[in-house]
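Results of the structural survey
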Amino acid sequence: MTLNIVSGAMVLSNLFTNPAVKAAFERAERDSGAALVVPAPRGPRFMGGAGASLQWRQNLEALATA
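Predicted model only: the values in this text are computed from it and were never measured.

This brings us to the overall build of the protein chain. On a plain count of helices and strands, the protein chain comes out with two helices and zero strands. Of all 66 residues assigned to the protein chain, the portion counted as buried reaches 2%. Of the roughly 6000 Å² of accessible surface on the protein chain, a fraction of 63% belongs to carbon and sulfur atoms.

So this is what it looks like as structure tokens:
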């Protein structure tokens with residue numbers, strides 16, 4: 001195990017033998033352990049008449065259940 005003298009942190013990538021896991025930890029160590037950011041999901045975008053058609057269908061369903 002390697003100990004980083006400057007920060008006192010242990011290099012975790014040396015603990016793994018699986019190349020994919022080891023590479024992921026090496027990237028995290030190199031990038032200063034920045035957190036993974038996942039963008040917020042977006043709804044679908046409808047172009048042209050597709051959006052109007054979907055809105056019309058939702059209105060019909062709302063009327064049917066009312």
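Having seen the structure, we can now continue with the description.
A few words on the side chain of Ser-13. Within the secondary structure layout, Ser-13 lies in the segment before α1 (19–30). Taking the relative accessible area as the measure of exposure, Ser-13 reaches 2% and is therefore buried. In this view, Ser-13 contacts Lys-22, Phe-25, Glu-26 and Glu-29; residues no more than four positions away in its chain are not counted.

Conventions adopted
Residues numbered from 1 in each chain as written. Predicted model: local features only at pLDDT ≥ 70, side-chain atom pairs only at ≥ 80, totals over all residues. Heavy atoms only, no water. Helix = DSSP H or I, 4+ residues; strand = E, 2+ residues; numbered from the N terminus. Buried < 20%, exposed > 50% of the residue type's maximum accessible area, 1.4 Å probe, protein only. Areas by Shrake-Rupley, 256 points an atom, 1.4 Å probe, with all protein chains shown as cover. Contact = heavy atoms within 4.5 Å.

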